[in-house]
2 protein chains.
Amino acid sequence: MVEKLNDAARETALRGLNGWIYDAADDAISHVFKFKDFSEAFGFMSRVALAAEKAGHHPDWSNGYNVVRVKLTTHDAGGLSAKDVALAQAIDRIVG
Amino acid sequence: MVEKLNDAARETALRGLNGWIYDAADDAISHVFKFKDFSEAFGFMSRVALAAEKAGHHPDWSNGYNVVRVKLTTHDAGGLSAKDVALAQAIDRIVG
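Source: prediction; values computed, not measured.

Undergrad: How would you explain the side chain of A:Asp37 if you had to name every residue and give the values?
TA: Residues and elements named next belong to chain A. Structurally, the position occupied by Asp37 is in the loop between β2 (28-34) and α2 (38-55). Here Asp37 occupies a buried position and makes no salt bridge, while the nearest side chain of opposite charge, Lys36, is found at 4.2 Å. In terms of polar contacts, Asp37 uses its side chain to reach the backbone amide nitrogen of Ser39, at 3.3 Å. Once residues lying within four places of it in the same chain are set aside, the contact partners of Asp37 are Tyr65 and Asn66.

Spelled out as structure tokens, the structure:
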């Protein structure tokens, strides 16, 4: 079972990510992505869905038209884990 | 431009839908769908995305693993319109 990251590991991980915000209350990281329109937003979501399914780790996310809000935490670990960092990296590569 | 439904039209529309809840505060309808797993949930979302894009009317929705929460309202109309009812009907056909 994957464990929560400690403070030092989390800080190091966040420095390697692109624009993710740490939410201490939920021990989660989140990112709001804006696109041209729904088609582009859902195209992004489809690519993230494939990456998530491949990783066996899934986002909590919402969408309204061209905006996608992604929140990552590991419910089994009770907070942010290496699985979240890996998925955030994969998402960064998708938009990068 | 599409107009908000009046109370009578909304009540009639809701009776024809399957399990949608009216949210008076937001003048919206919502439905929580539960699936076997993420793959099934995102499969549903992909079909709804195609229906929404075809209709030119899009949901506000969120997903966490096997749960999809869908909320429909027409921002341009300031509330629930015939566009929402049509999209809810399309979603009912997808899950039906």
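Undergrad: I'd like to hear about helix α1 (residues 7-15) of chain B, residue by residue, with values.
TA: Residue and element names in this part refer to chain B. Burial in α1 covers these residues: Arg10, Ala13 and Leu14. Taken end-on, α1 shows its buried residues confined to a sector of 100 degrees, consistent with a single buried face. Away from its buried face, by an angle of more than 90 degrees, α1 presents the exposed residues Ala8 and Arg15. Elements that come into contact with the buried residues of α1 comprise β1 (21-23), β2 (28-34) and α3 (82-95). Of the residues that open α1, the one with a side-chain oxygen 3.2 Å from the backbone nitrogen of Ala8 is Asn6.

Undergrad: Which residues make up the interface of chain B and chain A, and what values go with them?
TA: The interface is formed by 15 residues belonging to chain B together with 15 residues belonging to chain A. Interface area for chain B against chain A, summed over the two sides, is near 1200 Å², with a carbon-plus-sulfur share of 68%. The three residues of chain B that bury the most area against chain A are B:Phe38, B:Phe42 and B:Trp61, which together make up 40% of that side's buried surface. At the junction of chain B and chain A, the tally comes to 0 salt bridges. Where chain B touches chain A, the interface holds 2 residue pairs in polar contact (both at pLDDT 80 or more). Listing elements by their share of the side of chain B that touches chain A, those giving two or more residues are α2 (38-55) and β3 (60-64) of chain B. Here the element with the most residues in the side of chain B that touches chain A is α2(B); it accounts for 7 residues. Here the side of chain B that touches chain A is composed, by residue class, of 7 nonpolar, 6 polar and 2 charged.

Undergrad: So what's going on with the relation of the copies chain B and chain A? Residues and values would help.
TA: For the pair chain B and chain A, the best superposition has an RMSD of 0.0 Å and corresponds to a rotation of 180 degrees with a translation of 0.0 Å parallel to the axis. Those values place the two copies in the arrangement expected of a two-fold rotation axis. Looking at the rotation axis and the C-alpha trace of chain B, the residue lying nearest is B:Ser62, at 1.9 Å. The share of interface residues of chain B whose copies in chain A are also at the interface is 100%, consistent with both copies meeting through the same surface.

Rules and cut-offs
Residues numbered from 1 in each chain as written. Chains lettered and ligands numbered in written order. Predicted model: local features only at pLDDT ≥ 70, side-chain atom pairs only at ≥ 80, totals over all residues. Heavy atoms only, no water. Helix = DSSP H or I, 4+ residues; strand = E, 2+ residues; numbered from the N terminus. Buried < 20%, exposed > 50% of the residue type's maximum accessible area, 1.4 Å probe, protein only. Lys, Arg positive; Asp, Glu negative; His and termini not counted. Salt bridge = Lys/Arg side-chain N within 4 Å of Asp/Glu carboxyl O. Polar contact = N/O pair within 3.5 Å; in protein donor to acceptor, adjacent residues only side chain to side chain. Contact = heavy atoms within 4.5 Å. Arc of directions from axis to C-beta. Buried area = accessible area lost by both parts, 1.4 Å probe. Nonpolar A, V, L, I, M, F, W, Y, C, P; charged D, E, K, R; others polar. Least-squares fit on C-alpha atoms with pLDDT ≥ 70 in both.

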